[in-house]
Structure formats: C-alpha cells, structure tokens
Amino acid sequence: MQTMTPGSATLDQLERIYRDARPVALDEAARPGVQAAFALVANAAGEDAAVYGVNTGFGKLANRKIAADDTAALQRNLVLSHCCGVGDALDPAIVRLVMVLKLLSLGRGASGVRWDVIALIQDMLARGVIPEMPSQGSVGASGDLAPLAHLAAVLIGQGQARYRGAVLPGGDALRAAGLAPLVLGPKEGLALINGTQFSTACALVGLFEAWRNLSASLVTASLSTDAIMGSTAPLLPEIHDLRGHAGQIEVAREMRALMAGSQIRESHREGDARVQDPYCIRCQPQVAGACLDLLRMVGRTLETEANAVTDNPLVLVEAGHIVSGGNFHAEPVGFAADQIALAIAEIGAIAQRRVALMVDPTLSHDLPPFLTPAPGLNSGFMIAEVTTAALMSENKHLANPCSTDSTPTSANQEDHVSMAAHGAFRLLRMNRNLSAILGVELLTASQGIEFRAPLRTSARLQAVIDRLRASVAPLSDDRFMAGDLAAAGDLVATGGLLETAGLDLAIGRAENI
C-alpha cells in the first residue's frame, strides 16, 4: 500500500504507482481538512444564497437556483449528463493514475466532498474496480468533464468498470468487489468531474515513456557510433563544459561510460581519414541533452499539477468562503504536453538519421549495403529503415502544438479552452512510434557491430547485444521481419534495454555534474 500525502506527491511515486499498479491510500492526516470543507458546503446547501454548483445549475445555467430537496438529483444528473466520452477506452493503468490524481486533489480539503467519496475511490483501487473511461471528449476546460464523468458514474453505480478482466455495469462491478455505490451529496458530482486529472495522467505517462525512450536512445546512439566506427572525441567533457547545459553534459558523460573499453573505438584512433562524423553521431549530446533538460522542466510542471486542486468552486476553509475560479483550465498541462511532443519528435528524428546512416554504404564506413551479407539477393534492413522514416514523419506531424488551438463551448460561457486532453493523449502514440524507431536502431547497430568482428564493442554495449540476440538472431538471409522489429521495440519500451545497459537516469533530479 502506497500512502500519499496530498500536496506532496513526487514524480517517482506516481511513476511507480502507474507501472506497478500499487494500491493507494491518502494519509489520514488529510481527513480533518476534508471534513471541514464538507461542513462548509453542507451549510451552504441549506441556505438561500446562491453558491455555484451547490444550489445552482452549471455552466450557462448557473443562474438557475436549485431547491435543497433536489441536491442529490442535481449531482446525479450532472454526472450522467456529462458521460459523453467517445473513442477507445483508456488503458486501465492510466485510469488508475487518474483515480490517484483525483484522490490527491480531493484530499487537499478544498473540494467539499465527504471522506466517504475518497474512501470509495481508495477501495476501488485496492480491489481492482477500474472505470471504463473513453479517451476522447475533453477540451481541457472546464476540466476533463466527459472522461471524469465516466469515473464518477461508477461511484454511483452507473457507467461501466473493469473487474477481474471483465467489463461490467458499474453497479455490478462494485457489488462483485463487495462495495456499495454512493448517493452524492452537495457539490460532490461537480468535484468529481471538474479537474485536469485525465489530461495530467496522460501527460505524466507521456513523460514517463518519453524519459525511458530518451534514456534508451543514449544506448542505441552509442551502439550506432561503434557500428559506423564513429569518433568519441565529440563526447569529451571539455566541449560540453564550455557550453554549460546540464543535460548535454550528462548525456556526453553517460555515452562515454557506455562506450568505455570498446576495441572498435580504439582500432581507428590513428589513421582514420575521416575528419568529422555526421551530425546524427556528433551532436547526440546536444540534441538528447536539450530533450533531457526540457523533459525535466516539464516534470516540474506536471508534479505541481498532480498535487493541485483543480475543480470549481473551491472551498476556502480558513476564510469560510466558497469561491469560483479557473483552476480547471489545463493550460499548464497543454503546454507541457506540447513540449513533451517536441522532445519525442526530435529524439526520433536524430535516431532515424543514424539508422539511415548505417544502411547506406557510402556513409557507414565499409558496412555492407543495408547491413546484409549478400546484398542484391537480400534486401536486409532496407524497408526497416523506411518504416523508421514513416514513424519519424508521423511524429513530426503529431508534434504540432495543440495548445494554440481553442474553440468556445457551452453557449460561449467556456470561451477559451486548453486542448490539453488530446494534446496529452497523442503522446501515447508518439512514444509507441519512438520505441519502434529505437528498436530498429538497436537491430541495425547490433548488426553493424557484429560485422566489425573480431573487434568487440564495450562490455556494457555487448551485454545489450547479447540480450537482443536472446530473442532476435542476426540477419543473414532475408526473413519475415515484423517479429524482429516488435521484439526489439519491446525491449526498448519495457525498459529491458536500460536494465541490461545499467543506465538509470532520474527525471526528478539533475545528476551531479
């Protein structure tokens, strides 16, 4: 059980919850603040003064006063009417993260819900009741209304949820897990569906996977450098110290360590007629280092958002007020998602050029065309390289900003929106594309290094090749290639490549430079 303190969650905690499906509970110290906020809301619900979302309608209908006897119906109707999500269901692991983020937000004691609401979400996580949440329908303000409504629906016994591998009606899933649905109190439906948790969860997963891919690219770039007998002079620390960017310095240091002891590198320090390598080899620290710095900056934004209260209105317990604001607007998440997309696209762009370099006999320093021992009869990695070009181009297209778009909704009441939801959701596809590109680089670089025998690469890089060869044999005669690409891409995406290489860069802290 992972105990979380609202306002203090870290990226490392959130990544472990996402990857390991850990059950989560809030620190009991949060309970008094939650109860105090609920007491203010309950009191407001019985008074004559209009308080948005407590005894009024919603959005453009906020001027409609609601009778106290209709409070429960108001909240139930809100949840059901907003269950308008479409598209494929979100990965259950990401839905779990959405639920955890909602717990963290409610636990700050500014949303006005009962502790019973928090307890039910905790119990659902512990017993594996995961709402089916459509992936489309949010414009990122007023919060992620449609997808979060599908989460809230299960809490009242509606909607659908996944339980023990089956998708069931929400009420059936709760009963099967020994849980009971709630009757929502004042403001509780609004607190559940208002907020940026869908966008933030998708952006966090986009960040986690981009970081893994970026780290893997340091390994594949080192393999490619040895495969084409590239120079390690551009990795000298003095070069990077003169520029001063922390990420660039860190990437160069890690690549030097990965390549240390390579016989291939030592074999051409003298007498090599080439003066400089192409940029895709020589400038990997500058490009990957810039991406590293960018992702770390984005990580700080998303860690802040993960701990934020983003529903509306907010209950200011100390002041005794319930006030309307705009924390539901996901502009910070939209910007973060756009920045992650840029990094993903650039990591793939430079990796694709290294693949192209290795299959081109005019540039690969005596490697056979398309890395096949019998070119002509065999095409080798010819079309694998084309596949990387297709994925690279697709990611470039997907990297165009989403946050610069906006459209008015809800009868012009919600007249500027962030588009953070689909901006973050696209990162899942982009990372899959990038893992595939890096998987092909792993295949081609390993093949190229094996053509340099009896010279050997470094011990760490050889361990990576050995790990690959446990599932993918060297390419001699042409064969069905799709399985090879899938296996190599999976080695990147699951973190197996990094584990074997012994590379562990942390998102949340800069290394000691």
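The preceding data block contains the structure.
Note that this is a predicted model, so its numbers are computed, not measured.

### Notes on the nonpolar core
Within soluble globular proteins, side chains that are nonpolar generally end up buried alongside one another. Among the nonpolar cores identified, the biggest contains 148 residues, and Leu14 and Val219 are the most heavily contacted of them. Considering each element in turn, this core owes the most residues, 17 residues, to helix H9 (residues 197-227). In terms of nonpolar packing, the next biggest core, distinct from the first, is built from seven residues, Ala44, Ala45, Val54 and Val315 among them.

### Some words on the packing of helix H17 (residues 420-450) against helix H18 (residues 459-469)
Running from amino to carboxyl end, H17 crosses H18 at an angle of 110 degrees, the nearest separation of the two axes being 11 Å. When the interaxial angle is binned, H17 and H18 end up roughly perpendicular. For the element pair H17 and H18, the recorded crossing hand is left-handed. Judged by residue contacts, Leu442, Leu443, Ser446, Gln447, Ile449 and Glu450 of H17 engage Val464, Ile465, Leu468 and Arg469 from H18. Grouping the constituent residues of the contact of H17 with H18 by class yields six nonpolar, two polar and two charged.

### Quick look at the environment of Gly247
For Gly247, the location among the structural elements is in helix H11 (residues 246-259). Residue Gly247 is classed as buried on the basis of its relative accessible area of 0%. In the structure, Gly247 is positioned 46 residues away from Asp293 in sequence and 5.2 Å away in space, judged by C-alpha atoms.

### What about the packing of aromatic side chains?
The full count for this structure, using the stated rule, is two aromatic pairs. When the centroid spacing of 6.2 Å and the interplanar angle of 85 degrees are considered together, the rings of Tyr52 and Phe58 count as edge-to-face. By relative accessible area, Tyr52 is classed as partly exposed at 21%. Residue classification places Phe58 among the buried positions, given a relative accessible area of 16%.

### Some words on helix H1 (residues 11-20)
Looking at H1, one finds that the buried residues are Leu11, Gln13, Leu14, Ile17 and Tyr18. The arc enclosing the buried residues of H1, seen along the axis, measures out at 165 degrees, which places them on a common side. Positioned one or two residues after H1, Ala21 has a phi angle of 55 degrees, which is positive.

### Comments concerning the pairing of strand E6 (residues 160-163)
What you see with E6 is a clean split: Ala161 and Tyr163 sit on the buried side and Gln160 and Arg162 on the side with no burial. With two bridges connecting them, strand E4 (residues 130-131) and E6 associate as antiparallel partners. Paired with Ile130 across the two strands is Arg162, which belongs to E6. Pairing between E6 and strand E7 (residues 166-169): four bridges, direction antiparallel. Within the sheet, the bridge partner assigned to Arg162 lies in E7 and is Val167.

### Observations concerning the packing of helix H14 (residues 284-306) against helix H15 (residues 331-359)
At a closest axis distance of 9 Å, the pairing of H14 and H15 adopts a crossing angle of 160 degrees. In this view, H14 runs roughly antiparallel relative to H15, as classed from their interaxial angle. Two packed elements cross with a definite hand, and for H14 against H15 that hand is left-handed. For the pair H14 and H15, contact is made by Gln284, Val287, Cys291, Leu294, Leu295, Met297, Val298, Thr301, Leu302 and Glu305 and by Pro332, Val333, Ala336, Gln339, Ile340, Ala343, Glu346, Ile347, Ile350 and Arg354, respectively. Residue composition of the contact of H14 with H15, grouped by class: 14 nonpolar, three polar and three charged.

What counts, and at which threshold
- Residues numbered from 1 in each chain as written.
- Predicted model: local features only at pLDDT ≥ 70, side-chain atom pairs only at ≥ 80, totals over all residues.
- Heavy atoms only, no water.
- Core = buried A, V, L, I, M, F, W, Y, C linked by side-chain atoms within 4.5 Å.
- Buried < 20%, exposed > 50% of the residue type's maximum accessible area, 1.4 Å probe, protein only.
- Helix = DSSP H or I, 4+ residues; strand = E, 2+ residues; numbered from the N terminus.
- Axes fitted to C-alpha atoms, helices over the stretch in contact; angles between N-to-C directions.
- Parallel < 35°, antiparallel > 145°, perpendicular 65-115°, else oblique.
- Left-handed = near helix turned anticlockwise from the far one by under 90°.
- Contact = heavy atoms within 4.5 Å.
- Nonpolar A, V, L, I, M, F, W, Y, C, P; charged D, E, K, R; others polar.
- Phe/Tyr/Trp six-rings, centres within 6.5 Å; stacked < 30°, edge-to-face > 60°.
- Arc of directions from axis to C-beta.
- Pairing = 2+ DSSP bridges.

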